[in-house]
Each structure stands twice: as C-alpha cells, then as structure tokens.
Amino acid sequence: MSVISYKPRESATGVRTEPAVRRLGLNRGLVIDSLLAAFMLAMLGLMIRLPGEETIPYHFLFLSLTIVYGFRVWPLLPTLLVALAVTGATGAVLLGRVVDGVIDNAELAEVPLMPALFVAMMWHARRRAAAQQQVERMADERRASLERERGFFRDTSHAIRTPITIARGHLELAGDATALHAVHPHVEVALRQLDRMSALSDRLLALARLDAGEALDRRPTDVAALVAEIGRNWTANTDRVWLIGCGPAGRARIDHDWMELALDALVENAVHFTSSGDTIRIGCTASPGRIAIIVDDSGPGIEPDDLPFVFDRFWHRRPEHGPMGSGLGLSMARAVAEAHGGTLVAAHSDEGGARFVLTIPRSS
C-alpha cells in the first residue's frame, strides 16, 4: 500500500516556506479585519457627530461590512453578533435623532433594511464558500483515489510477477531435467505458484468489486449456522484440532457469499500459520446490536510491530509451515466487514497465536 507523504517546500536558505505563507495569509486577514473595524467605528463616530447627516455614514458602514464579508466569510456566530451589535448601535443613534426631531420617522425604515441586505449577502457568501469547500474536498478525494489506484496497480504487478517468475524458473529446470524424479519437485512448485496466482486473481477481482461499491445481496442469516457451515467445510480437509461452536448469536442481514469468502480467508490464514496438531477455534458471541465472529489459532501469533500492517494489501507474514499466501485475504475480509457496516481487528489469541474478530450489526 502506498503512503503519500507531504513535506513543506524549503527556500534556498533552507527555511520552510509553507508555514510562512500561512502566517502571511493570516496576518493579511487580521489587517483587513482591523481596517474594517476602524472604518466602521469612524462611520459610527460621524453618525454621532453629524446630526441630520447620519444616513450617509450609516450607509457607508453597512456597505463596507457587506462588501468585505463577500471576500472574508467569517464564522457564523461572531458574524451574527457583530451584525446585531452594529444594528443596535446605529439604530440607537437614528432613534435618538427621531426623538430629538432632527430626522423624520421614515428614516427608521433604514434600520431593518440595511441589516437585511447584509444578511442576504451573508447567505450567498456562505453558500458559495460551502460549494467551494465541497469542490475542494471532492478534488482531494479524487486525488487520493488516484494515488491509491496507482499504488494498487504497482503492488498488483509486483505480486503477479513473483509467482510467474518462480513458476517459469522451475518449469525451465523441469525441462532441463533428464529423470522423472528430478522433474516432479519442480512441477509441484510451479503448480503451487499457479494456485497462488489463481487465488490472487480471485481476490483482486473481489476487492475491485468491493471498491466499486457493488451492492450486497443482504438477507437475514443465522450467524451460528453460517459458522457451523464454515467449520464443516474446513475440518474435512485439514489435520488441525478444530474447536467450533456458537451460542445463540442471533441473525444478521448479510450477503452470505461475501461473508463466507471473508471467513474462509480468516480460517485459511489460521491454517497457514499452524501445523498438524495445532488448534483452530471458530466461534461467535452476541452483544446488544452486534455479533462478533472470532477465529483463534495456536500458531506463532502476530508480532506487536506487525499488527498495524496485517490488513495492508500485499503485506505478507511468512508462515513457518505451508505456502506463501496471496497477501490479499485479510484485506479482502476487512473490506467485506466494512461493506456490511462492521469491523475486523487483529489481536493475540487465548490459544497463544493470532485472533481475528469480525463484528457485524445484529438484526433486531
């Protein structure tokens, strides 16, 4: 999995310029706000000092506030508080002039009119800012998606190239061998690599379908019965000590085929990291609103440093016994869990090995 790292650009002197640009923008905004506040106070002062000429500075005051807000969209609550304060102060001056008989009562119509114009500008400016933020967020998501796709295709090409190279090398050795007993081991290795490529292609297709948002065919399913079915499928073919059983876990709305694929990947991982006679436990528990399906094994477990990476695509832990996996099983299982609104986490098992807990919503 590719990781995008960001490093602020440095100038020729070795000083990082990105924080400086940020500070410059912040300082510029503070200067503009300070100038606006000084201008508005000056206009309010002129309203007080010029009886009979109040409306001219009054209009300039609200026009300056409205125009600057079109470029500087402040947070909603401070903006409303400032608008109320300005309306109250200017309205008090105009009301005082009416009481003194300096201006007519009709001038008081300006008191609700100018704030209404400012509120209309505020509404349009906030809508424009919200639309711009949404466009920027979509652009960031698209950029991140493209980076994930590039990393996915790069890792995929590497993962496919490895088994092809191994299989081809052993088939060439088999072609050069003169005795049947010398051919047989190379053919076995080539077949294992081809099986690995088959599993890899199946899981790549599954991940692509999940990433594309393919709709799940969810139906009410007895989780305990599903776990018992998975257990029957695996116990017939492997020589492990199997402990399988669930209490009354309840039902969940799941896509049976996808969930079976995810649980098979968890059990396959346990088989890869255990040997003959080791224990694998498959069970489930229920809590209010959730059902947890648990796969434990008595293998070597997961190193603490490896826990954050076990669900990364194409990340491998080399098993002590058995063939190397595709590196996609656990990541596919987590994708299936998340597509069902659930989670998949890794931990240490009571059996001494690894534990995987797949949690999904429980049907009411």
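For the structure itself, look to the data block above.
Everything numeric in this text was worked out from a predicted model, so none of it was measured. (Residues numbered from 1 in each chain as written. Predicted model: local features only at pLDDT ≥ 70, side-chain atom pairs only at ≥ 80, totals over all residues. Heavy atoms only, no water.)

Undergrad: Explain the sheet that holds strand β6 (residues 343-348) to me, and be specific about the residues and the numbers.
TA: Strand order in the open sheet formed by 5 strands is β2-β4-β5-β7-β6, with mixed pairing between adjacent strands. What marks the edges here is a single partner per strand, and that holds for β2 (241-246) and β6. Mean inter-strand twist for the sheet, computed between neighbouring axes without regard to direction, equals 15°. In the sheet, strand β4 (residues 279-287) pairs with strand β5 (residues 290-297) via 8 bridges, with the strands oriented antiparallel. Among the inter-strand pairings, S287 is bridged to a residue of β5, identified as R290. (Pairing = 2+ DSSP bridges. Helix = DSSP H or I, 4+ residues; strand = E, 2+ residues; numbered from the N terminus. Axes fitted to C-alpha atoms, helices over the stretch in contact; angles between N-to-C directions.)

Undergrad: Describe the state of the cysteines, with residues and values.
TA: On inspection of all chains with the given rule, the structure shows 1 disulfide. Paired by a disulfide, C246 and C284 hold their sulfur atoms 1.9 Å apart. Remark: C284 occurs in strand β4 and C246 occurs in strand β2; sequence separation between them is 38 residues. Looking at C246, the relative accessible area reads 28%, which means it is partly exposed. In this structure C284 comes out as buried when scored by relative accessible area, which is 9%. (Disulfide = S-S within 2.5 Å. Buried < 20%, exposed > 50% of the residue type's maximum accessible area, 1.4 Å probe, protein only.)

Undergrad: Could you give me a rundown of the packing of aromatic side chains, with the residues and numbers involved?
TA: Enumeration over the complete set of coordinates arrives at 4 aromatic pairs. Between Y58 and F62 the ring centres are 5.3 Å apart and the planes differ by 65°, which places this aromatic pair in the edge-to-face class. In this pair, Y58 and F62 both sit in helix α2 (residues 55-71), 4 residues apart, roughly one turn of the helix. What makes Y58 buried here is its relative accessible area of 1%. Their ring planes at 70° and their centres at 5.6 Å tell us that Y69 and F118 sit as a pair that is edge-to-face. With a gap of 49 residues between them, Y69 in helix α2 and F118 in helix α4 (residues 110-176) connect regions that are remote in the sequence. (Phe/Tyr/Trp six-rings, centres within 6.5 Å; stacked < 30°, edge-to-face > 60°.)

Undergrad: Outline the nonpolar core, listing residues and values.
TA: Membership of the largest hydrophobic core comes to 39 residues, with the highest contact counts inside it found for L266, F356 and L358. Looking at this core, the elements with two or more residues in it are α6 (223-235), β3 (251-254), α7 (256-272), β4, β5, α8 (329-339), β6 and β7 (354-361). Looking at this core element by element, the count peaks at 9 residues for α7. Here L266 is in contact with V295, L330, A333, L344, F356 and L358, once residues within four sequence places are set aside. Of all hydrophobic cores here, the second largest spans 23 residues; its members include V93, L94, M114 and A125. (Core = buried A, V, L, I, M, F, W, Y, C linked by side-chain atoms within 4.5 Å. Contact = heavy atoms within 4.5 Å.)

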